Amino acid sequence: MRFGHFDDERREYVIERPDTPLPWINYLGCEDYFGLISNTAGGYSFYKDARLRRLTRYRYNNAPLDMGGRYVYLRDDDPQHARSRAWSPTWMPMRRSLDSYQCRHGMGYTIIKSQLDGIESQTCYFVPLGASLEIWELTLTNHRAKRADLSVFSAVEFCLWDANDDSTNFQRNYSTGEVEILDGVIYHKTEYRERRDHFAYFACSEPLAGFDTDREAFLGPYRGWDSPQVVEKGQAFNSVAHGWQPVGVHQVKVRLEPGEQKKIIFLLGYHENPRDDKFDPPGSQTINKRTVKGMIERYLKPDEVEKAFRALRAYWDDLLGRLTVSSPDVHTNRMVNIWNAYQVMITFNLSRSASYFESGIGRGIGFRDSNQDLLGFVHLVPGRARERILDLAATQLPSGGAYHQYQLLTKRGNNDVGSNFNDDPLWQVLSVSAYIKETGDWGILDEPVPYDNRPGSEEALYGHLQRSIQYTLDRLGPHGLPLIGRADWNDCLNLNCFSDSPGQSFQTTTNKEGRTAESVFIAGLFVLAAKEMAELARRYSESRTVKTKPAFELQPATFYREAARKLEEIVWSVGWDGKWFRRAYDDFGHVLGSQENDEGRIFIEPQGICVMAGLGLENGRAAQALDSVSEHLATPHGIVLQQPAFTRYYLHLGEISSYPPGYKENASIFCHTNPWIMIAETRVGRGARAHDYYLRTNPSAREELSDLHRCEPYVYAQMIAGRDAPTHGEAKNSWLTGAAAWNYVAITQWILGVRPTFDGLEVAPVVPPDWKGFEVERLFRGVRYRIRVERRGPGNGVRLEVDGKPISGNIIPLPKDGTTTVSVLVLLE
Ligand code: GLC
Ligand code: GLC
């Protein structure tokens, strides 16, 4: 069953009823100011960091789930209109049934439109480029035969900045809240009197009939957001908050003649003042508002709002125009051209910090996560990718290890989570190599970057990569495989944890010395990364212009090739189980992911990563491992993480066995790992199977199943419940997941087969045999490539014609300077 439809022309998903199975959300903002918004206007906003600079409150784990947001209330001031007396035009929070409702989630904006009793309302929410504020543009139309007299109320609840403190430290927070109100603008200035130089403001384009800033005054005692007393009575109190819960509410009276339309603009913004010019007059305790006045005046003008909206659309047109496909499959086209690229950008902005499933409090920017996310967005925002690479590298430790996470606001590593996730550093090699392939910017390797953000410890980025590789080599276990540390990609395979106390963190509890448990997955990842590193090393030594003496001895390319070869040998001797790759060895030295195990006999991760690293391509074992995946792990809803699922808690395996079978790391369909198998299938030349797997988890292809899938049909979720779960097929944790980048990479680079290399764009499609052809347009190093693929035979062999001339091989040579477009004809044979 569906709850809406795709409007590909406008790049929107159109939701046709408010009661979607879960809140279906969108993101506002693409620079410093961000917000989450649901299809019923729920959600919250923050500046840069969802934990440390939260502007508005949101209560997770609530009933109903989605409560708190950017609410507008409409009230009929004419007593004759009893039916429409008061309602929420976005349905929530009052949930009065509406005569019509529609929500359009687009690229960086959301438009919610509805009608009740002849009054149409449409609210367009977005964050203009270059500004730290959000606009709510409300358009009211009177379709009645008679004049309408309405009151409009806007409402937000302010968060006292640190979202964690705000939801825990009430003995202090109930006394600190402060606001100012001037010329219709509500200023939220809690803690401005002391160490904060920032405040929030909430402005309105119309003269006010009243306002409220004290929550209890607005709602009334014992009332909730679904029945504010002020809306019921029709008159705000002009309350001023002193402590407790500061809110922002404007009341505007609107008279609409029949057919008349009116726009009202609300602005919610964030502003910082210079510390020595905070107060006006100096020495007082009132906010200096001169510095923000211009910004507020500008965006309260309808034509400026319109201009800003057009600029936002142009921004996304440009980004999404960098890689487009036209294939025989609508789900491929829609996801590549619109939603998957969009989701990849959202994961770039927010990593795993703030979604409807990530509270914005717990996690900052993950080292492993962000390096992988980069693989998906590097062609969209190469300059920002460069900055992200350097920020991440600056949190690396001298050992080559890395803080598992850092906070975007401070750019410092997170001490509470720490390091020792032994796969972390290797992802850095993959992201840097992807960045150089995309941009040709070898200079990044010479960038001086500190360790652990310590001034004086700077070393060329290249040295960081060397240490990343060395980190694994310094930590090999009894079988010669890499030690797993706290965990590898699978955060929940905690082989050194042995936790038997409720509430202990599986990720940070380490009861074992960690000298025994090993990971085959890291071995595969190492081979992949070391092969990339060998290429980097060869070219780096050739291209180097800056001769700084590295603190770390420069290793030649042969060193990395040799290291990859040795680990590959070890995988064959102790990591191959006969029909598939094993997963790990535990602290007792027992194998996991083997025929010998009763539960956890086969895992998806090593099959994907080892084949991606090229293992088994020559001896047939790659295809054999993938056949085992198909036989044991594939379901109609995607490929599960492992089988059989763990039916009980195993002290020596950790969090993986803490989940009920079929959920999360215990045998759910982790959408992040499915693309590894798709890529692996292309490596063995099986395009039909690769694309079939692609469609099983493709959100658009699952739209018809929305009542089972439940999450948004336009973005990937972290997981889909596996076959052992009673709710098999139900998705969870949408939006912030490595599934976005990896699916994007799998479909664009490996199935459609258009991928950047150091020497140019390579074209090697592995598509289903029944595809007659397809087209890709891609911007690469400033040149637009128009690629047309035509099938001439059933296989994956390619012949290329570049601008009408046949070339040998399948890498399009870099064109002469000044070239703007290149046409490529690809014959698939
Ligand atoms: C989460 C984490 C990611 C991890 C995965 C598997 O998605 O963000 O880092 O690899 O879970 O445990
Ligand atoms: C939990 C989740 C896992 C996630 C981790 C992050 O273990 O199951 O997916 O990566 O938390 O801390």
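What comes next concerns the included structure.

Conventions we followed
- Residues numbered from 1 in each chain as written.
- Chains lettered and ligands numbered in written order.
- Predicted model: local features only at pLDDT ≥ 70, side-chain atom pairs only at ≥ 80, totals over all residues.
- Heavy atoms only, no water.
- Pairing = 2+ DSSP bridges.
- Helix = DSSP H or I, 4+ residues; strand = E, 2+ residues; numbered from the N terminus.
- Near = heavy atom within 4 Å.
- Polar contact = N/O pair within 3.5 Å; in protein donor to acceptor, adjacent residues only side chain to side chain.
- Areas by Shrake-Rupley, 256 points an atom, 1.4 Å probe, with all protein chains shown as cover.
- Nonpolar A, V, L, I, M, F, W, Y, C, P; charged D, E, K, R; others polar.
- Salt bridge = Lys/Arg side-chain N within 4 Å of Asp/Glu carboxyl O.
- Buried < 20%, exposed > 50% of the residue type's maximum accessible area, 1.4 Å probe, protein only.
- Phe/Tyr/Trp six-rings, centres within 6.5 Å; stacked < 30°, edge-to-face > 60°.
- Lys NZ or Arg CZ within 6 Å of the ring centre and 35° of its normal.
- Core = buried A, V, L, I, M, F, W, Y, C linked by side-chain atoms within 4.5 Å.
- Contact = heavy atoms within 4.5 Å.
- Axes fitted to C-alpha atoms, helices over the stretch in contact; angles between N-to-C directions.
- Patch = residues over 30% accessible without salt bridge, like charges linked within 9 Å, V, L, I, M, F, W, Y side chains within 5 Å.

## Side note on the sheet that holds strand 33 (residues 717-720)
The three strands are arranged 32-33-34 in an open sheet whose pairing can be described as antiparallel. A strand with exactly one partner marks an edge of an open sheet, and here the two such strands are strand 32 (669-670) and strand 34 (731-734). Bridge count between strand 33 and strand 34: three bridges; the pairing is antiparallel. Looking at the pairing, Ile720 lines up with Ala731 of strand 34.

## What about the site of ligand 1?
With respect to spatial proximity, the complete set of residues near ligand 1 consists of Arg352, Arg363, Arg368, Asp369, Trp489, Asn490, Asp491, Glu665, Phe670 and Gln718. In this structure, an oxygen atom belonging to ligand 1 sits 2.6 Å away from a side-chain N or O atom of Asp369. Here an oxygen atom of ligand 1 and a backbone polar atom of Asp491 are 2.9 Å apart. Burial of ligand 1 by the protein chains amounts to 97% of its free accessible area of 310 Å². Here the residues of the shell around ligand 1 are counted per class, giving two nonpolar, two polar and six charged.

## Section: the site of ligand 2
Within the structure, ligand 2 sits among Arg363, Asp491, Cys492, Gln507, Glu655, Tyr659, Lys664, Glu665 and Gln718. For ligand 2, an oxygen atom lies 3.3 Å from a polar atom in the side chain of Gln507. One of the side-chain nitrogen or oxygen atoms of Lys664 is found 3.1 Å away from an oxygen atom of ligand 2. Contact with the protein chains hides 80% of the accessible area of ligand 2, taken as 300 Å² for the molecule alone. Split by residue class, the shell around ligand 2 holds two nonpolar, two polar and five charged.

## Details of the pattern of salt bridges
A full pass over the atoms with the stated rule returns 75 salt bridges. Ionic pairing is found between Glu535 and Arg539, a salt bridge with its closest N-O pair at 3.0 Å. One end of the pair, Glu535, and the other, Arg539, are both in helix 12 (residues 520-543), four residues apart, so they sit about a helical turn from each other. Arg686 is paired through a salt bridge with Asp627; the nearest N and O atoms lie 3.1 Å apart. Here the residue Arg686 occupies a position in the loop between helix 16 (674-683) and helix 17 (687-697), and Asp627 occupies one in helix 15 (residues 621-632), the gap between them amounting to 59 residues. Judged by its relative accessible area of 22%, Arg686 falls in the partly exposed class. The class for Asp627 is partly exposed, based on a relative accessible area of 34%.

## Observations regarding the packing of aromatic side chains
With the rule as written, the count across this model stands at 50 aromatic pairs. Centre to centre, the rings of Trp572 and Phe581 are 5.4 Å apart; their planes meet at 35°, and the pair counts as tilted. Cluster of aromatic residues (ring-pair linked, three or more members): Phe3, Phe6, Tyr13, Trp24, Tyr27, Tyr315, Trp316, Trp339, Tyr342, Tyr714 and Trp735. One residue, Arg54, lies across the ring of Tyr44, its end atom 4.0 Å from the ring centre. Across from the ring centre of Tyr192, 4.8 Å away, lies the NZ or CZ of Lys278, which sits over that ring.

## Some points on the nonpolar core
For soluble globular proteins, the rule of thumb is that nonpolar side chains tend to be buried together. Among the nonpolar cores identified, the biggest contains 239 residues, and Val152, Phe218 and Ile787 are the most heavily contacted of them. For this core, the element with the most residues is helix 12, which contributes 15 residues. Ile787 has contacts with Val754, Leu761, Val763, Phe774, Glu775, Val776, Val824 and Val826, leaving out every residue within four places of it along the chain. With 12 residues, the next largest nonpolar core counts Ile484, Cys492, Phe603 and Phe646 among its residues.

## Observations regarding the sheet that holds strand 39 (residues 798-802)
What the six strands build is an open sheet, ordered 20-37-38-42-39-40; its pairing is mixed. Two strands close off the open sheet at either side, each with one partner strand: strand 20 (323-326) and strand 40 (805-807). Across the sheet, the mean angle from the axis of one strand to that of its neighbour is 20°, orientation sign disregarded. Summarising the sheet, strand 38 (residues 783-791) and strand 42 (residues 821-828) pair through eight bridges and their orientation is parallel. Looking at strand 42, one finds that Val789 is bridged to Val826.

## With respect to a nonpolar patch on the surface
There is a patch of nonpolar side chains on the surface, built from Phe170, Tyr174 and Trp244 and spanning about 310 Å² of accessible area. Position of Tyr174 among the secondary structure elements: in helix 2 (residues 170-176). Taking relative accessible area as the criterion, Tyr174 reaches 32% and is therefore assigned partly exposed.

## Some remarks on the pairing of strand 19 (residues 261-272)
As paired elements, strand 12 (residues 133-142) and strand 19 share nine bridges and run antiparallel to each other. Bridge pairing in strand 19 places Leu133 opposite Gly269. Of the strand pairs in this sheet, strand 16 (residues 198-204) and strand 19 are connected by seven bridges, and their pairing is antiparallel. Of the residues in strand 19, the one forming a bridge with Phe202 is Leu268.

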